[in-house]
Amino acid sequence: QKAVTVDSSRALAYYNLATVYHAQDQWDQAVDAYQQALTRDASLYEAHFGLGSVLEQKQQWQNALKQYDAYIVGRPDGNYVQEARDRMGILIKKY
């Protein structure tokens, strides 16, 4: 949290904070931090993936799908593209 306090305009600081909350299963805090990161830098595509994952945990399927899609479109050669596609396939079957 200190990095965010020092320079709240830094998207990466919010992203890093979000990943900590995410790892601790603090879903609401993670959502907020991912959204703060994306507000500051919409091209931080890994934040879309992380947000999708948290939204999936919160059973917000449609919003999770949108975030996974934003990640795939924005970072088609990203490290998590296959996982995002797999997650999307699972979520689509839930509808």
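Residues numbered from 1 in each chain as written. Predicted model: local features only at pLDDT ≥ 70, side-chain atom pairs only at ≥ 80, totals over all residues. Heavy atoms only, no water.

Enquirer: What am I meant to see in the environment of Q57 here?
Expert: Tracing the backbone through its elements, the reader meets Q57 in helix α4 (residues 45-57). It is 7.8 Å that separates the C-alpha atoms of Q57 and W27, two residues lying 30 residues apart in sequence. (Helix = DSSP H or I, 4+ residues; strand = E, 2+ residues; numbered from the N terminus.)

Enquirer: Help me out: how do you make sense of the pattern of salt bridges in this one?
Expert: For side chains bearing opposite charge, pairing can occur when the charged atoms are close. The final tally for this structure, using the stated rule, is three salt bridges. With its nearest N and O atoms 3.2 Å apart, the salt bridge here joins R75 to E46. Here R75, found in the loop between α5 (61-74) and α6 (81-93), pairs with E46, found in helix α4; they are 29 residues apart in sequence, far enough to count as distant. When its relative accessible area of 27% is taken as the criterion, R75 is described as partly exposed. In this structure, the salt-bridge partner of E56 is R87, at a minimum N-O distance of 2.0 Å. Within this pair, whereas E56 is found in helix α4, its partner R87 is found in helix α6, the two being separated by 31 residues in sequence. (Salt bridge = Lys/Arg side-chain N within 4 Å of Asp/Glu carboxyl O. Buried < 20%, exposed > 50% of the residue type's maximum accessible area, 1.4 Å probe, protein only.)

Enquirer: It is not clear to me how the environment of F49 should be interpreted in this structure. Could you clarify?
Expert: Looking at the element boundaries, F49 is found in helix α4. Take F49: its relative accessible area is 9%, and that puts it in the buried class. Once you skip the residues sitting within four places of it in the chain, F49 turns out to touch Q67, Y68, Y71, Y80, E83 and A84. (Contact = heavy atoms within 4.5 Å.)

Enquirer: Explanation requested: the packing of aromatic side chains in the structure shown.
Expert: Given two aromatic rings, their pairing is described by the distance between the two centres and the angle made by the two planes. Scanning the entire structure with this criterion turns up five aromatic pairs. Seen in terms of ring centroids, F49 and Y68 are 5.6 Å apart; in terms of plane orientation they differ by 50 degrees. Their pairing is tilted. With F49 in helix α4 and Y68 in helix α5, this pair connects stretches of sequence that are 19 residues apart. A centroid spacing of 4.8 Å and a plane angle of 15 degrees characterise the contact between F49 and Y80, whose relative ring orientation is stacked. One end of the pair, F49, is in helix α4; the other, Y80, is in the loop between α5 and α6, and 31 residues separate them in sequence. (Phe/Tyr/Trp six-rings, centres within 6.5 Å; stacked < 30°, edge-to-face > 60°.)

Enquirer: How should I be thinking about helix α2 (residues 11-23) in this particular structure?
Expert: Residues spaced three or four apart along an α-helix face the same direction, because each turn holds 3.6 residues. Taking 1.5 Å as the rise per residue, α2 with 13 residues should run 18 Å; its terminal C-alpha atoms sit 18 Å apart, in good agreement. Among the residues of α2, A11, A13, Y14, Y15, L17, A18, Y21 and H22 are the ones counted as buried. Of the residues trailing α2, D25 is marked for its positive phi of about 60 degrees. (Expected span 1.5 Å × (residues − 1).)

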